[in-house]
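# Per-entry structural report
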Amino acid sequence: MTEKENYLRAARFEYPDHIPMNFVINAACYENYPQDALFELMERHPLLFPGFAAPPLPFVPDYPPIARKSQPFRDDFGCIWKTAMNGITGTVTGHPLENWDAFEGYQPPDPNICTGIGPADWEKTRARIRDDTEHFPMGGLRHGHTFLQLCDLRGYQNLLFDMADGEPRLFRLIEMVENFNMGIVKNYIDCGVGGMGYAEDLGMQFGPMLSPEHFRKYIKPSYERLMRPAREKGLLIHMHSDGDIRTLAGDLIDGGVEILNLQDLVNGLDWIKSNFFGKTCIELDIDRQKITRFGTPADVDALIREEVASLGSKAGGLMMVYGLYPGIPLENAAALMDAMEKYMGYFR
C-alpha cells in the first residue's frame, strides 16, 4: 500500500496499513540546534523521513518572506509582517484597512497570480501534482485565509468591534476576501488535487478568539461556501486550527470538514475522543507546550502510546503530526521520532 493510498484510507475509515505520522522541522531549528545532530536524527528515522540524505554543512534554509528576521514583508494584501527569529512566521504590524476610510479605494490581490503571501505559478503547480504519484495531492488556502486575514487587514481589536457593532462594511470586506479565496480554491481544483486544506487558527489557550455567535454569523458561512466546490468534486476537506476550539469544532464539521487537525492537550484527549472517535478523522497535533518541552523521553513515549491507544483503531480515523520548534530538548525530539515510528503500526 502506498503512502497516498494509506492516507486516504486513514481519512475515510477504510482500514489503513498504519497511522499516518508527520514530523515537521521548523526552519528556525537549523539555527538553534547542531545541524549535524538534526540530520543524524532524520537519517535514523526512515519511516518519518523516507529517502532523506543529509545536505552539506552548513545548511542555510530558504526562509519564506514572512519569516525573515529584520526584513519586514508586505504581503499581497498590503499587510506588513515582522518576525524576531528566522524561520518563525511573523506578526502583522501594519494593517492596510485599520481605518475604514481606506476601504473604498482598496484593491484586493489577484488569485491567478498570487496566493496572498507570495506569487503563484498554477502551471507549475499542476505539473507538480501530476508528476508526484507517491503523495496524496493536497491543495490549500494560505494559513489564516479568512478570520485571520480580516484581523490582518483591520487589526484584531477593530475586527471584534466591527462584529459587535454590526459594521455594515464588514460583510463587503468578507466578500472581497472570500472572492480571492474562492479563486485559489478553484485554481487548485483545476490542478487536479485530491483534497483541500483550510488552515486557520481560531483558538486561544482557553476558548476561541471570537465568540461562537460571531463565528456563525460572519465566518462559518464563508467557510461553507469555500468548501462547497471541493466537496462537490468529492475532494477531502482538511481543517487545521491551533488553540482551544471546543466550542467551534461542531460548526467546522457541519461545514464539511473530514479531517480535523487540532491540538491534543489544549482540547483534551477525553473530549476529542467523546466527540470524534469513529466519526471524524482526527489529525492530532502533538503537544509542544508541556510534555515534549518539559518532560522526559519516557514521558514523551508514554504520551504517544496513550494517544494512539485512546484515539486509534484498525479502521483508521487517526493521523498524527508534530512540529519541532526551538526550545524542545533534542533528546525529547529523538524520543518522539522513536515513538511515532514505533506506534504507527500499533493496530496491525
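Quick look at the structure, then.

### Side note on the packing of helix 5 (residues 156-165) against helix 7 (residues 212-232)
Axis separation between helix 5 and helix 7 bottoms out at 11 Å; the angle between their running directions is 95°. Here helix 5 lies roughly perpendicular to helix 7, going by the angle between them. Contacts between helix 5 and helix 7 involve Asp162, Met163 and Ala164 from the first element and His214, Tyr218 and Ile219 from the second. Of the residues assigned to the contact of helix 5 with helix 7, the class counts are 4 nonpolar, 1 polar and 1 charged.

### As for the pattern of salt bridges
What the rule picks out here adds up to 15 salt bridges. Between Arg225 and Glu178 there is a salt bridge; the shortest N-O distance is 2.8 Å. A residue pair is termed long-range when its members are at least 10 positions apart, and Arg225 in helix 7 and Glu178 in helix 6 (residues 168-190) qualify at 47 residues. Arg225 gets classed as partly exposed once you look at its relative accessible area, which sits at 35%. The class for Glu178 is buried, based on a relative accessible area of 10%. Shared partners join several salt bridges into a network, and the residues in it are Arg216, Lys220, Asp251 and Asp254.

### Considering helix 1 (residues 3-11)
Those residues of helix 1 that fall on the buried side of the exposure criterion are Asn6, Tyr7, Ala10 and Ala11. Projected onto a plane normal to the axis of helix 1, the buried residues spread over an arc of 130° and lie on a single side. At its buried positions, helix 1 is contacted by strand 5 (138-141), strand 7 (236-241), strand 8 (259-263), strand 9 (281-285) and strand 10 (318-324). Phi turns positive one or two residues past the end of helix 1, at Phe13, with a value near 55°.

Quick notes on the rules
Residues numbered from 1 in each chain as written. Predicted model: local features only at pLDDT ≥ 70, side-chain atom pairs only at ≥ 80, totals over all residues. Heavy atoms only, no water. Axes fitted to C-alpha atoms, helices over the stretch in contact; angles between N-to-C directions. Helix = DSSP H or I, 4+ residues; strand = E, 2+ residues; numbered from the N terminus. Parallel < 35°, antiparallel > 145°, perpendicular 65-115°, else oblique. Contact = heavy atoms within 4.5 Å. Nonpolar A, V, L, I, M, F, W, Y, C, P; charged D, E, K, R; others polar. Salt bridge = Lys/Arg side-chain N within 4 Å of Asp/Glu carboxyl O. Buried < 20%, exposed > 50% of the residue type's maximum accessible area, 1.4 Å probe, protein only. Arc of directions from axis to C-beta.

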